[in-house]
Amino acid sequence: MKTHRPLLGCIADDFTGATDLANILVRGGMRTVQTIGVPSEALSTWLDADAIVIALKSRTAPAEEAVRESLSALRWLQERGCQQFFFKYCSTFDSTASGNIGPVAEALQEALQTDFAIACPAFPAAGRTVYQGHLFVHDRLLNRSGMESHPLTPMREPNLVNVLQAQSRTKVGLIAQPDVAQGAATVVERIATLRQQGVRLAIADAISDKDLVTLGEACADAPLVTGGSGVAQGLPANFRRAGQLRDLDAALLPRIAGPAVVLSGSASTATNKQVAAWLRTGGRALRIDPLALARGEPVVAAALDFTRSAEPTLVYATSSADEVRQVQSELGVAHAGALIEDALGQIAAAMRIRGTRRFVVAGGETSGAVVQALGVNALRIGRQIDPGVPETQSLGDAEPLAIVLKSGNFGSEDFFDKALRHLEGSTA
Ligand SMILES: Nc1ncnc2c1ncn2[C@@H]1O[C@H](COP(=O)(O)OP(=O)(O)O)[C@@H](O)[C@H]1O
Ligand SMILES: O=C(O)[C@@H](O)C(=O)COP(=O)(O)O
């Protein structure tokens, strides 16, 4: 098969974050493929897309490891002929105390021989805005949004110029919203001034999608852009203006028929509401008890029996924060997580063998475990179901699977039902 050269090469620091970015690019008209890690040689030969998003799991990795993995992804994308590169991190700028966003951005700059890149996590559709360098989550500053007590990446400083400066060797500056509001030409001028001042990375403000599109336009010739998925909104138009995008429906996926299941290992507030909504409306559901798993009870076998029904079933470990804390104090955080992820992975793999073709999965870590258990290496991205969550299809399988991966925080209360209805309606 003759493949099209990808235009945009993306490196994402986590799994559901990669899907979120891919969704934005598809909505902009770029056919997009997400790979699980750096693709193997076999996969490399037939990936056909305008944008490729390599999903890493580097968000909480030590800087050295994150740099090494990101450079390896960059090399692969360069070898495929990508013209521009995007480093995707979380819209809440999640990074550990030692922080790897600065080191990865600087290493990518060095490899691409470029001395400047913007850094913009804003994603107004999900309530994340940046003003005068300060990140807001809806109406709260980052450090009062709940993110200050995140177990792995507590964010206690809302001024991102300070956060990024603390992680970087080079000078960090600011492109403030009043400049962004003036349009792309003003942003380009501001970037030139910052470069003269020796600034190598600049937090870019954005309080609306319009600001994000302006930033994208101003970065048309930038070898490297860094940010959340929001700022990628402005990039497809640059390729379209240059006549490089094919006139195709980027989101078109063939319909996949067959039994469906919803697997939820997410413990987030949004997912708890989605599980409650499913139960309230009489959806068929089975709760996985982590303590029963720890006692070695045949929980997986019971779930496989229960899911034999023709009706789509929700299998979930999702529980309130108090219940999760209780389980974690008995089993340990990592052990509890691993037991559940492993069980949901085993259920997914066995259901696939039994003929299940459609999987809706909630939770970033859980998504990683399930996709791995299903042996999926790459996904083609289809239509958006809710902001940040598209339908996807596995690539390279004789019998492809329809897969939806939902980041914990995303999706409306009726998301599970909506996702299943959406998969029903996919057209060939
Ligand atoms: N009832 C529970 N008790 C303890 N740990 C749980 C429970 N439910 C889910 N978990 C674990 O919590 C983690 C949730 O992470 P993830 O899948 O990324 O979703 P999210 O970030 O949305 O909570 C997983 O490791 C999962 O196995
Ligand atoms: O940018 C975002 O908010 C998301 O794309 C993202 O990265 C979410 O991460 P998880 O909460 O770990 O799913």
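Thresholds applied
Each chain has its residues counted from 1, following the order in which its sequence is written. Chain letters and ligand numbers both follow the written order, the letters beginning at A and the numbers at 1. For a predicted model such as this one, the threshold for reporting local features is a pLDDT of at least 70, and the threshold for listing and counting side-chain atom pairs is 80 or more; totals across whole chains, interfaces and linings nevertheless cover every residue. Computation of side-chain values: all heavy atoms of the structure, hydrogens and water removed. Each helix is a run of H or I in the DSSP string that is no shorter than four residues. Each strand is a run of E no shorter than two, and both are numbered from the N terminus. In a helix, the anticipated span is given by 1.5 Å times the number of residues less one. Note on exposure labels: buried denotes an accessible area under 20% of the residue type's maximum, exposed denotes more than 50%, and partly exposed covers the range between, all computed with a 1.4 Å probe on protein chains only. The reported arc concerns the directions from the helix axis to the C-beta atoms and nothing else. Throughout, the term near means that a residue has one or more heavy atoms lying within 4 Å of the molecule or strand in question. N or O atoms within 3.5 Å of each other form a polar contact, as long as, within protein, one can give a hydrogen and the other can take it, and as long as residues adjacent in sequence are counted only when both atoms are side-chain atoms. The accessible surface values rely on the Shrake-Rupley method and a 1.4 Å probe; as for residues, cover is taken only from the protein chains in view. For this scheme, ten residues count as nonpolar: Ala, Val, Leu, Ile, Met, Phe, Trp, Tyr, Cys and Pro. Four count as charged, namely Asp, Glu, Lys and Arg, and the remainder, Gly too, count as polar. Note that the domain bounds were set by an automatic or database domain assignment. The criterion for strand pairing is that DSSP finds at least two bridges linking the strands in question.

**Q** Just give me the short version of helix α7 (residues 184-196), but keep the residues and values in it.
**A** Taking 1.5 Å as the rise per residue, α7 with 13 residues should run 18 Å; its terminal C-alpha atoms sit 19 Å apart, in good agreement. For α7, the set of buried residues is Ala184, Thr186, Val187, Ile191 and Leu194. Taken down its axis, α7 places every buried residue within 155° of arc, on the same side. What points out from α7, more than 90 degrees from its buried face, is the exposed set Ala185, Glu189 and Gln196. Gly198 occupies a position one or two residues after α7 and carries a positive phi of about 85°.

**Q** Describe in detail the site of ligand 2, supporting the description with residues and values.
**A** With respect to spatial proximity, the complete set of residues near ligand 2 consists of Asp14, Thr16, Gly17, Asp20, Arg59, Lys88, Cys90, Ser91, Ser407, Asn409 and Phe410. Between ligand 2 and Ser91 there is a distance of 2.6 Å, counted from an oxygen atom to a side-chain nitrogen or oxygen. Take Ser407: an N or O atom from its side chain is 2.9 Å from an oxygen atom of ligand 2. When ligand 2 is considered free in solution it has 350 Å² of accessible area, and contact with the protein chains removes 86% of it. A per-element tally of the shell around ligand 2 places helix α1 (residues 15-27) first, with three residues. Class assignment of the residues belonging to the shell around ligand 2 gives a composition of two nonpolar, five polar and four charged. Two domains each donate at least three residues to the shell around ligand 2, and these are domain 1 (8-241) and domain 2 (260-425).

**Q** Residues and numbers for the pairing of strand β16 (residues 378-386), please.
**A** A large share of β16 lies buried, amounting to seven of its nine residues. Note that strand β2 (residues 32-36) and β16 share three bridges and pair antiparallel. Paired with Gln34 across the bridge in β16 is Leu379. Here β16 pairs with strand β17 (residues 389-394) via five bridges, running antiparallel. Counted as the bridge partner of Arg380 is Gln393 from β17. Between the antiparallel neighbours β16 and β17 lie two residues, among them Gly388 with a positive phi of about 90°.

**Q** With reference to specific residues and values, describe the pairing of strand β4 (residues 84-88).
**A** Burial analysis of β4 places five of its five residues in the buried class, which makes it a mostly covered element. Burial along β4 is two-sided: the face carrying Gln84, Phe86 and Lys88 and the face carrying Phe85 and Phe87 are both buried. Pairing analysis gives five bridges linking strand β1 (residues 8-12) to β4, with the strands arranged parallel. When the bridges of β4 are listed, Ala12 appears paired with Lys88.

Worth remembering: the numbers are spatial, not functional.
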